[in-house]
Structure formats: C-alpha cells, structure tokens
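# A closer look at the structure
Here is what each chain is made of, one letter per residue.
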Amino acid sequence: MALLPNQNITRRAVPWYAFFMQEGTFLRRNLPQAVGKKFFHAEHTCHESNALPVVHHSKYVCDLPANHRFPMGKFPKVLKCLLDDQVIRNKQVWAPKLASEQLLAGVHTEDYLKRFIGGKTTDDEQRRTGFRWSEGIVQRCRYETGGTVLAAEIALQRGLACSTAGGTHHAFPDYGSGFCLLNDLAVTAKHLVSESASRRKILIVDLDVHQGDGTAYIFRDDPDVFTFSVHCGKNFPLRKQQSDLDISVEEHMEDKEYLATVEAHLPWLLETFRPDLVLYDAGVDPHWEDELGRLRLTDQGLYQRDLYVLNTMVGKGIPIATVIGGGYSRDIDKLALRHSIVHRAATKVWKEKRM
Ligand SMILES: [Zn+2]
C-alpha cells in the first residue's frame, strides 16, 4: 500500500482498491461452524455466503425535514456504492432485527425509553439531540442498534463483520445528544457481556473525531468494557467524560501523526486488557473535508487507519465488529463513499487473511 498515491477518493478511477474487487483471487478457508448457532438479532441471515458479513437494513434511514444538517441519506448510499463497485454482493448482506426494549434497557433508563419510544421527550431534549421526534426516527435508531448487536454476534463467530450504520456514542442512559438517541455501542457491549456464561471483555475503539462521551460515562465503572477514544480535544462535546483511555489530539492533525498516535496505543492496550471482542467506531469525521471535524486526514489516511485496526485485531485472532460513526458533508455521494472505506478495508483483510 505504500506505493499508492496519497489522494482523495473520487467516484471513478479508484485504483487503490480496485485490486481486491476481483472475485476468486484469494483462497478461502472453510466457514467456521456457524450452522446451528443462533443469531438472535437477525431478521435475515446469510449462512451460505463465505464473504465478509455486512449488516444493513433499509430502515436504517427515515425522513427528515429538508435541509436538515444530519446527512440521513448516507446509510442506503453506503451499501449502494459497495454493491455498485462490486466490493460486496447482495448475498453477503445480513439484516438485523429491531432492537427490543428489553435489549435497550441494558443501558437506557426505563423512563427515557418510555418517553423516547412514546414520543414524550420535551422540546429541550429534542433540541439537544438535533432531531425532532418522529415514529421514523425511533424505528431508525432501533434498527441501527439492532445492526450493531448483530454485527458483533456475527463477528464472535466469524471474526469480522461490518454494519453500514452505528456509532451513536453521545447517547447517555437517560438522554440523547449530538445526533445520538440510543447508544448502540453500549447496548451491544452490555448485551454481550451479560449474555455470556464466562467472563467476556470488550474493547471499544472509538476513532470518531468526537469523544465517545456517552459510552465513556456508561462504562466508567465497568471492568469488562474498556473505552478507548482518540478525538480532537477542541470539538464537541464541550464537556468531556473520562474514557478508560482518552487521546485528545490537536486541531489540524494530518495522516502521519494521527496514525502514529493510534499505533502507539493500540498494541499495549490489547496486551494489557486482552479483549474477547472489539467494537470499532470508524468515524470518518477526522477527514479534512468534514463539516464538523477539525482534523486533516485524507481518504488514504482513513483507509490506512482502518486497515491497521482491522489487521491488528484479525492478526491476533480478536473478533471485531465495525460501525461507521460520524461523517458530515452536504455531498451525500462523496460522504457515503468515504464511509465505505472501512468496508473496503475489511474486504481486503477478509480476503488476505482467508477468513
Ligand atoms: Zn463524530
């Protein structure tokens, strides 16, 4: 990859990932013994496909008022550009179930769930989230959370799985914030820790440009879930929480320094904490063109970051599930393509490691 040009992705002429779009280039290991095991959170499973599991639901999206700042249209487009570019095929797409209230209650308070699902949150609460309440937004968030849970369940069996949404790390147990209404990462981690007969440790690697404050708060006293956040200090949220490991970086940081920062911490963290599963928030808002990030990563930098994280985990045999995290642009096509970097990196790792 060192020979590849340090350039931004455009819709055409993307030579740096074209090489792993061909089918059948790599030998495949036989599927793990997944048959007979249950994926409790799947509406649709893909046991027959031996390609990278991608989790997506058409209900990841809902209507928003025109000119709303949140780029809701990106979710279906992430999947579409992966299919159009033949990075993935339809037969490897799994659909999650709607997250049940019981599942959500592992993290969120009964009162908040009742009010959020029932449309009883106040105007102030809604303002803080950035969304007016609607039935659609509730459904969207519940499918998105179900998607992260399903991706993690699949990862535990197959080593790696990627959702096309998720990473709503600003949601707290009793309120939503910063475009995050339910904390999918926290719900997933809590669920997987509590359902396991033996001790299960989960590492959340949050490389979204914003601190994962909700997640940090939820697991502040939980020895089974380690929260690692690399974020731009001078950015939302103003009031930070304490993650298990926070790396606050300066504004305008570029690829090389950013990658060195991640590489300086991840190996010793794995050695020390020894997780049984990693949840990876691959937010693309550290990108130089992002409307809300303040760093200067390129597409190539994000790709190398994702490859590094994925290769490190898969190389050590640690299951990893990815979510797309934050990314903000008025140009939805460009943004969706940027979000698909993690799936492209995962496809490369999946094939090279013969998973
Ligand atoms: Zn963000």
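Please read these numbers as outputs of a predicted model, since none were measured by experiment.

One way to put it is that helix H2 (residues 74–84) packs onto helix H11 (residues 332–339) with a least axis distance of 8 Å and a crossing angle of 65°. In the crossing of H2 with H11, the sense of the turn from one axis to the other is right-handed. Residues Lys74, Lys77, Val78 and Cys81 of H2 form the contact with H11, whose own contacting residues are Ile332, Asp333, Leu335, Ala336, Leu337 and His339. When the residues that make up the contact of H2 with H11 are grouped by side-chain class, the tally is six nonpolar, one polar and three charged.

By the bridge criterion, two bridges tie strand S1 (residues 42–44) to strand S3 (residues 93–96) in an arrangement that is antiparallel. When the sheet's bridge partners are listed, His44 is paired in S3 with Ala95. As paired elements, strand S2 (residues 54–55) and S3 share two bridges and run parallel to each other. Across the sheet, the residue bridging to Val54 is Val93, located in S3. You can see the chain leave S2, run along H2 and come back into S3, and the turn it takes is right-handed.

Attention shifts here to the nonpolar core. Core analysis: the largest hydrophobic core is formed by 91 residues, its most contacted members being Ala151, Ala155, Leu160, Ile204, Leu279, Ile320 and Ala346. Top element by residues in this core is helix H6 (residues 135–158). It accounts for nine residues. With residues up to four places along the chain from it excluded, the contact list for Ile320 reads Ala155, Leu160, Val278, Tyr280, Leu310, Met313 and Val314.

For the pair helix H10 (residues 299–315) and helix H12 (residues 341–352), interaxial distance at closest approach is 9 Å and the crossing angle is 45°. As the angle between them shows, H10 and H12 are arranged oblique. The element H10 and its partner H12 pack so that their crossing is right-handed. Contacts from Asp299, Leu302, Tyr303, Asp306, Leu307, Leu310, Asn311 and Val314 of H10 reach H12 at Ile341, Val342, Ala345, Ala346, Lys348 and Val349. Grouping the constituent residues of the contact of H10 with H12 by class yields ten nonpolar, one polar and three charged.

The next thing to look at is H10. If you check H10, its first and last C-alpha atoms are 23 Å apart, about what 17 residues at 1.5 Å a residue would give, namely 24 Å. All of the buried residues in H10 are Asp299, Gly301, Leu302, Tyr303, Gln304, Arg305, Asp306, Val309, Leu310, Met313 and Val314. Directly beyond the C-terminal end of H10, a positive phi value near 75° is found at Gly317.

What counts and how
Residues numbered from 1 in each chain as written. Predicted model: local features only at pLDDT ≥ 70, side-chain atom pairs only at ≥ 80, totals over all residues. Axes fitted to C-alpha atoms, helices over the stretch in contact; angles between N-to-C directions. Helix = DSSP H or I, 4+ residues; strand = E, 2+ residues; numbered from the N terminus. Left-handed = near helix turned anticlockwise from the far one by under 90°. Contact = placed C-beta atoms within 7 Å. Nonpolar A, V, L, I, M, F, W, Y, C, P; charged D, E, K, R; others polar. Pairing = 2+ DSSP bridges. Right-handed = clockwise from strand over helix to strand, strands pointing away. Core = buried A, V, L, I, M, F, W, Y, C linked by C-beta atoms within 7 Å. Buried ≥ 20, exposed ≤ 12 C-beta atoms within 10 Å, placed from the backbone. Parallel < 35°, antiparallel > 145°, perpendicular 65-115°, else oblique. Expected span 1.5 Å × (residues − 1).

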